Amino acid sequence: MAEKKSKGQQRLGELAYEKKNYYETASEEEKKEIFSYAEGYKTFLDAGKTEREACAAAVALAKAKGFSEFHFGDPLCAGDKRYFINRGKSVVIFRVGTKDLEKDGMRLIAAHIDAPRIDIKQVPLYEEGGMCFLKTHYYGGIKKYQWTAIPLALHGVVVLKDGSKAEISVGEKADDPVFYINDLLPHLGAEQMAGKAGKIVEGEQLNVVVGGLPYPDEEVKEKLKLTVLDILNLKYGMKEEDFLSAELSAVPAFPARDVGFDRALIGAYGHDDRVCAYSALTAVLDGESEHTVLAMLVDKEEIGSEGVTGMQSKIYEDLMEEICAAAGASFRRVRFASKCLSSDVTAAFDPNFANVYERMNAAMLSCGTCMSKFTGARGKSGSNDANAEFVGEVRAMFDRAGVVWQTAELGKVDAGGGGTVAKFLANLNIDTVDLGVPVISMHSPWELISKADLYSNYKAFLAFIP
Ligand code: MN
Ligand code: MN
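Calculation rules
- Residues numbered from 1 in each chain as written.
- Chains lettered and ligands numbered in written order.
- Predicted model: local features only at pLDDT ≥ 70, side-chain atom pairs only at ≥ 80, totals over all residues.
- Heavy atoms only, no water.
- Salt bridge = Lys/Arg side-chain N within 4 Å of Asp/Glu carboxyl O.
- Buried < 20%, exposed > 50% of the residue type's maximum accessible area, 1.4 Å probe, protein only.
- Helix = DSSP H or I, 4+ residues; strand = E, 2+ residues; numbered from the N terminus.
- Donors = N, O, S within 2.8 Å, 3.2 Å for Na, K, Ca; no water.
- Domains from an automatic or database assignment.
- Contact = heavy atoms within 4.5 Å.
- Buried area = accessible area lost by both parts, 1.4 Å probe.
- Polar contact = N/O pair within 3.5 Å; in protein donor to acceptor, adjacent residues only side chain to side chain.
- Pairing = 2+ DSSP bridges.
- Axes fitted to C-alpha atoms, helices over the stretch in contact; angles between N-to-C directions.

Draft legend 1. Geometry of the pattern of salt bridges. On inspection of all chains with the given rule, the structure shows 30 salt bridges. Of the charged contacts, one joins Lys225 and Glu222 as a salt bridge, the two residues approaching to 3.9 Å between their closest N and O atoms. Take Lys225: its relative accessible area is 12%, and that puts it in the buried class. Close ionic contact of Glu393 with Lys339 constitutes a salt bridge, the shortest N to O distance being 2.8 Å. In this pair, Glu393 sits in helix α11 (residues 388–400) while Lys339 sits in strand β15 (residues 339–342), placing the two residues 54 residues apart along the sequence. The class for Lys339 is buried, based on a relative accessible area of 14%. In the salt-bridge network here, residues are joined through shared partners; they are Glu39, Lys42, Asp258, Arg263 and Lys451.

Here's what the structure looks like:
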């Protein structure tokens, strides 16, 4: 029997705000959904460890749901389910709705499918000390020391001299070899360990071990290098010069796994931001929307959203303009009426590093997807900072749909900060707010999220695209 509450307790219950743990409030039925949704996500993660692979994995899921490829100039009509591939590295999955575009606008969800990693240089191959290495230049903001002494897989493409393209993916299958970045043994690491963490492993030390077998010929000087070149030639038809036009990345070779006795969490490489990309994608694939809705899975967020495949590329505007033109609507009017969720991960409160968070405004694990009204650093600099009116509108959408969600800032004031693609969409005159899954150990080779937050993100997107 419930205890009778005092008047003050009752009043507090009516007036005070408190975050809720989604697992605690979910019904048994919903808990099952949370867990089964996570299975599809893990499969998506393992299939897409680079933006190219994530793009292909998204397209495969879209095709299976009856979506077909769109090219500029194609006619469009209400009910059309299409996807637009940008150079194989970003993809926009969209549904044309029945609502009036100029009056009701589009509903956009933008997430990124690139993730921090170790990119191979254009002239990378050398041998020294009985090992053959590839030289690298890391991609995105990493703690360099975290990428040593773990199994790495090599993914990417090589454009050969004749223009043909070889695809490489080694290190994911159970019987594949993997690759490796050396670290110093503690016995000789006294000087290293006394240094600043950002310097204990330097960029030019992130060389990837790719071989150690001498080519059986006394006349050859660089025998280890020749063995590797020989294998690459036989397997992919490439010569050393072909590295010049290659895009190869070393990524953690670990698959996504459940974490914890109770399997509440998922550990994986690249939750940032494939966790939001997958939820955005599946919401557009599964949702039944009267609005025209777009899931924009973009590249290059980790290095500033630059380039032809990053969010700042005109191609996304061009695509929206094409969709408007096909409906005879003015893009200028449509975008003014449009709304966007910029969906990227945020930092989950970590009790092991509590001093960089401000508890009241930190994202708590399993308390649902997290809205960030603003991001930025040092006085919100570089942030979109969404209008209260728009935040109120989105809040009402979530509450109506029973979404368990929270708000947060990334860390305490002046502890650091970060940015997202939100401002680029807002610059188009589209109301935009950040929403995404809280992550532990962000940008590490193996990040941690809660299955409850993943599912809450998906539910939030469904609520946003009615
Ligand atoms: Mn991100
Ligand atoms: Mn990131």
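Draft legend 2. Main features of the coordination of the manganese ion (ligand 1). Coordination sphere of the manganese ion (ligand 1), protein contribution only: His112 (NE2), Asp272 (OD), Asp344 (OD) and Asp344 (OD), at 2.1 to 2.5 Å. All donors to the manganese ion (ligand 1) come from one chain, and their sequence spacing reads H-x159-D-x71-D. Here the manganese ion (ligand 1) and the manganese ion (ligand 2) are spaced 3.2 Å apart, and both take Asp272 as a donor. Placement of His112 in strand β4 (residues 106–112) and of Asp344 in the loop between β15 and β16 (346–347) is noted, with a sequence separation of 232 residues between them. For the pair His112 and Asp344, a shared accessibility class is recorded, and that class is buried.

Draft legend 3. How the structure looks around the coordination of the manganese ion (ligand 2). Only Asp272 (OD), Glu302 (OE), Glu302 (OE) and His443 (NE2) from the protein coordinate the manganese ion (ligand 2), and they sit 2.0 to 2.6 Å from it. Along the chain, the residues donating to the manganese ion (ligand 2) fall in the pattern D-x29-E-x140-H.

Draft legend 4. The domain arrangement of the chain, seen in detail. Taken domain by domain, the chain holds domain 1 (18–115 + 269–464) and domain 2 (117–252). The distance between the C-alpha centroids of domain 1 and domain 2 comes to 33 Å. Every contact between the two is made by 17 residues of domain 1 and, on the other side, 16 residues of domain 2. Summed over both partners, the interface of domain 1 with domain 2 comes to about 1,400 Å²; 50% of that surface belongs to carbon and sulfur atoms. Looking at the side of domain 1 facing domain 2, the largest losses of area belong to Lys49, Arg52 and Pro445, adding up to 36% of the total buried there. The tally of links from domain 1 across to domain 2 stands at 4 salt bridges. Residues Lys49 and Glu172 are paired through a salt bridge, measuring 3.0 Å at the closest nitrogen-oxygen approach. Joining domain 1 to domain 2, the criterion identifies 9 residue pairs in polar contact (both at pLDDT 80 or more).

Draft legend 5. Spotlight on the sheet that holds strand β13 (residues 265–268). Spatially, 3 strands are ordered β12-β13-β23 in an open sheet, and the strand pairing comes out antiparallel. Only two strands of the sheet have a single neighbouring strand rather than two, namely β12 (257–259) and β23 (447–450). Within the sheet, the average angular offset between the axes of one strand and its neighbour, ignoring direction, is 35 degrees. Relative to β13, β12 is paired through 3 bridges, and the arrangement is antiparallel. Among the inter-strand pairings, Asp258 is bridged to a residue of β13, identified as Ile266. Along the sheet face, helix α8 (residues 271–286) touches β13 and β23 and points at about 35 degrees away from the line of β23. Along the sheet, helix α13 (residues 451–464) makes contact with β12, β13 and β23, crossing β23 at roughly 65 degrees.

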